[in-house]
Amino acid sequence: MNKSFSYLLHKFLSDYLINECGFSEETRKSYSTTFYLLVEFMKSIYELLPNQIEFSHLTYECINQFLDWLENERKSSYSTRNQRLAAIKSFFKYAQTRNPEIINLSTQILGIKNKKTSSRIISYFMEDEIKIIFDYLSGKNNLKYLTMISMLYETGARVQEMINIKVSDINLSKRTVVLHGKGKKNRTIPISEEMCRLIKRYLKIEYKDFGDGFLFYSKNKRQYSRNGVYYVIDTIVKELKKRYPDKFNGKYHPHSFRHSIATHMYNNGTTLLSIKKFLGHESLEATQIYATPDSEVIKKQILSNSKAISPNSKYSDGDKDDLETWLKENMK
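Rules used in this analysis
- Residue numbers run consecutively from 1 along every chain, following the written order of its sequence.
- At least 70 in pLDDT is required for a residue's local features to be given in this predicted model, at least 80 for side-chain atom pairs to be given and counted, and no such filter applies to totals for whole chains, interfaces and linings, which use all residues.
- As a convention, hydrogens and water are excluded, and side-chain values are obtained from all of the structure's heavy atoms.
- A run of DSSP states H or I qualifies as a helix once it reaches four residues; a run of E qualifies as a strand once it reaches two. Both are numbered from the N-terminal end.
- For every residue, the accessible area (1.4 Å probe, protein chains only) is compared with the maximum for its type, and the residue is labelled buried under 20%, exposed over 50%, or partly exposed between those bounds.
- Residue exposure ignores everything except the shown protein chains as possible cover, and the areas themselves are Shrake-Rupley values with a 1.4 Å probe.
- What a helix is expected to span follows from its residue count: subtract one and scale by 1.5 Å.
- The charged-residue count follows a simple rule in which Lys and Arg add positive charge and Asp and Glu add negative charge, with His and chain termini not counted at all.
- Within this document, salt bridges are pairs made up of a side-chain nitrogen of Lys or Arg and a carboxyl oxygen of Asp or Glu, the two lying within 4 Å of each other.
- Polar contacts here mean pairs of N or O atoms no more than 3.5 Å apart (in protein, one a potential hydrogen donor and the other a potential acceptor; neighbouring residues in sequence count only if both atoms are side-chain atoms).
- By definition in these notes, contact holds between two residues if any of their heavy atoms fall within 4.5 Å.
- Only buried residues count toward a nonpolar core, which is a set of Ala, Val, Leu, Ile, Met, Phe, Trp, Tyr and Cys residues joined through side-chain atoms within 4.5 Å.
- Lines are fitted to the C-alpha atoms to define the axes, a helix being fitted only along its stretch in contact, and any angle between axes, read from their N-to-C directions, falls within 0 to 180 degrees.
- Comment on the angle field: the value is read as roughly parallel under 35 degrees, roughly antiparallel over 145, roughly perpendicular from 65 to 115, and oblique elsewhere.
- A crossing counts as left-handed when the near helix is turned anticlockwise from the far one by less than a right angle, and as right-handed when that turn is clockwise.
- Under the scheme applied, nonpolar residues are Ala, Val, Leu, Ile, Met, Phe, Trp, Tyr, Cys and Pro; charged residues are Asp, Glu, Lys and Arg; polar residues are all the others, including Gly.
- The criterion for strand pairing is that DSSP finds at least two bridges linking the strands in question.
- The pLDDT score gives, residue by residue, the confidence of the prediction method on a 0 to 100 scale.
- What the arc covers is the set of directions going from the helix axis to the C-beta atoms.

K.L.:
Any chance you could explain the overall build of the protein here in plain terms?
P.N.:
A count of helical and extended segments in the protein gives 16 helices and 3 strands. Counting all 332 residues of the protein, 46% fall into the buried class. Of the roughly 18,200 Å² of accessible surface on the protein, a fraction of 49% belongs to carbon and sulfur atoms.

K.L.:
Would you explain helix α7 (residues 143-155) in this entry?
P.N.:
Think of an α-helix as turning once every 3.6 residues; residues three or four places apart then point the same way. Here α7 spans 17 Å end to end across 13 residues, near enough to the 18 Å set by a 1.5 Å rise per residue. Burial within α7 is extensive, with 12 of its 13 residues counted as buried. Buried residues of α7: Leu143, Lys144, Tyr145, Leu146, Thr147, Met148, Ile149, Ser150, Met151, Leu152, Tyr153 and Thr155, and no others. Looking one or two residues past α7, Gly156 carries a phi angle of roughly 65 degrees, positive in sign.

K.L.:
What is the right way to read the side chain of Arg258 from this model?
P.N.:
By secondary structure assignment, the location of Arg258 is in helix α11 (residues 255-267). The side chain of Arg258 is buried and forms no salt bridge, while Glu161, the nearest opposite charge, is found at 4.4 Å. One polar contact links Arg258 to His281, side chain to side chain, over a distance of 3.5 Å. Dropping the residues within four chain positions of it, Arg258 is found in contact with Leu152, Gly156, Ala157, Arg158, Glu161, Arg187, Leu279 and His281.

K.L.:
Sorry if this is basic, but what is going on with the nonpolar core here?
P.N.:
Side chains of nonpolar character tend, in soluble globular proteins, to be buried together. The biggest cluster of nonpolar side chains holds 52 residues, and the ones touching the most others in it are Ile133, Ile149, Met151, Met162 and Phe257. Counting only elements with at least two residues in this core, the list comes to α6 (127-139), α7, α8 (159-163), β2 (176-180), α9 (193-205), α10 (226-243), α11 and α12 (272-279). Residues within four places of Met162 in sequence aside, it is in contact with Met148, Met151, Leu152, Ala157, Phe216 and Val229.

K.L.:
Got a minute to help me understand the pattern of salt bridges in this structure?
P.N.:
Side-chain pairs of opposite charge can arise where the charged atoms are in close proximity. Tallied over the entire structure, the rule returns 16 salt bridges. A salt bridge links Arg197 to Glu193; its shortest N-O distance comes to 3.7 Å. Of the two residues, Arg197 and Glu193 both sit in helix α9, 4 residues apart, roughly one turn of that helix. With a relative accessible area of 46%, Glu193 lands in the partly exposed category. Between Arg243 and Glu239 there is a salt bridge whose closest N-O contact spans 3.2 Å. On the criterion of helical spacing, the pair formed by Arg243 and Glu239 is a turn pair, its members being 4 residues apart in helix α10. Each member of the salt-bridge network shares a partner with another, and the members are Asp68, Glu71, Arg81 and Lys115.

K.L.:
Would you explain the packing of helix α2 (residues 25-45) against helix α16 (residues 323-330) in this entry?
P.N.:
When two helices pack together, their arrangement is given by the angle between their axes and by how far apart the axes lie. Packing of α2 against α16 leaves a shortest axis separation of 8 Å and a crossing angle of 150 degrees. Classified by the angle their axes make, α2 and α16 are roughly antiparallel. In terms of crossing hand, the pair formed by α2 and α16 is left-handed. Between α2 and α16, the residues in contact are Arg28, Lys29, Ser32, Phe35, Tyr36, Val39, Glu40 and Lys43 and Leu323, Glu324, Leu327, Lys328 and Asn330, respectively. A per-class count over the contact of α2 with α16 returns 5 nonpolar, 2 polar and 6 charged.

K.L.:
I'm lost on the sheet that holds β2 in this one. Help?
P.N.:
The pairing of strands in a sheet happens through backbone hydrogen bonds and is either parallel or antiparallel. One open sheet holds the 3 strands; their spatial order is β1-β2-β3, and the pairing between them is antiparallel. In this open sheet, the two strands that pair with only one neighbour each are β1 (170-171) and β3 (186-190). In this sheet, β2 lies alongside β1 in antiparallel orientation, the contact comprising 2 bridges. In the sheet register, Asn171 faces β2, and the bridge partner there is Thr176.

K.L.:
Would you mind showing me how to read the confidence of the model for the protein here?
P.N.:
In low-pLDDT regions, the fine details of the predicted coordinates are not to be read closely. Mean pLDDT over the protein: 85, with 87% of residues reaching 70 or higher. For the stretch residues 295-312, pLDDT sits under 50, and the model shows 30 contacts to residues farther than four places along the chain or on other chains.

K.L.:
Got a minute to help me understand the pairing of β3 in this structure?
P.N.:
Moving residue by residue along a regular strand, the side chains alternate between the two faces of the sheet. On β3, burial follows the alternation: Arg187 and Ile189 on one face are buried, whereas Asn186, Thr188 and Pro190 on the facing-out side are not. As paired elements, β2 and β3 share 5 bridges and run antiparallel to each other. Paired with His180 across the two strands is Asn186, which belongs to β3.

K.L.:
What am I meant to see in α12 here?
P.N.:
Leu272, Ile275, Phe278 and Leu279 are the residues of α12 that are buried. Along the axis of α12, the buried residues cluster in a sector spanning 120 degrees; they form a single face. Among the exposed residues of α12, those oriented more than 90 degrees off its buried face are Leu273 and Lys277. One or two steps after α12, the chain reaches Gly280, where phi turns positive at roughly 75 degrees.

What follows is the structure in C-alpha cells.
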C-alpha cells in the first residue's frame, strides 16, 4: 500500500471525508484549502515543491510555523487558525492508521494546542429588526428576497442548506421543508401558513426554474453562492441602517438569521433540547451559546420581579507531481 503523504492526502480528501465520514462538500472544500495553503507554505518557506513533500518534513515545529504563518502572513483569525489545525489533525488521525511509521509524529501533531479565542459573540437581529426587514422587503415587492430571508429565519437554515433547497423539498400540503444538512443529514422543518402562502406567491409570480429545480436562482440563472446571499443581506442591512441609525448595530451575515430565530425561541421559553433538534446540532454544547437572554428580555425580567433552541477518485503517480493543482481544484 502506498504510504506517501501525497497519496494518503488524496485518499483522505477524495474518499475518506465524504464516503466514510459523511462530511459535506463544504467541509471537503475547507479541508482542501487548508492543505493547499500548507503546500504554499512549504514551497515559500522550505523551498519544497509539492511532489517533494513527505511526512518527515511535517514536523511538530513545521506545523506550528505554518499556523504562525497563517496568522502573521495571511492575517488569519484565531478561529480560522484553529480550523486549519483541526483539518490537519483529522488528516494525521487518518494517515497514522494507514502508515504506522508516522504514529510518533502524529502523536506530536495531535498534541498541538488551539489558540485561545475570546468568548464567542453571536450576531443576531432583535425581533423588531426582523419585522423591519420583512416590512421593508414587502414594501419593495421583492418576492424572491422576501421568501429567501423568511426561509433563512423561519427554518433556521444554514446558508448552504437554504441555497440547496429545491422546489421538490417543499410540501405545502403538509407545511414542511426538507433541509439537507451537514454530513448528508436531512431534517424536516415545519413552516407556517404565512410561509406557505409566501412560497405559493413566489412560485406563481416570480419563480423560474433554470433546469436544476432549485428554489432560488441568482441573476445569472445559477444556484446562489454563499457570497451571493451575503451580498443580498449586506445590501439590505446597509439600506435599513440609513433609515434606522439607532438599529442594526451588529456585524451581520447569512448565519445571523439562524442565530436570531434560535435566540428568539430561547427568549420565548423554548427548551435548548428543542432548539438543538430544530437547528440540527450534533451536541447540546453547540446550542448553549443561545442560552443568554438579550438585553430586552433581561430588562423585562427585572421589571417583572425577576421571574424566571464525495465521489471516489483514482490516484496515479502523476497526481503526486500535480498535488498543488489537484488541491486547488478541490477548493472549488
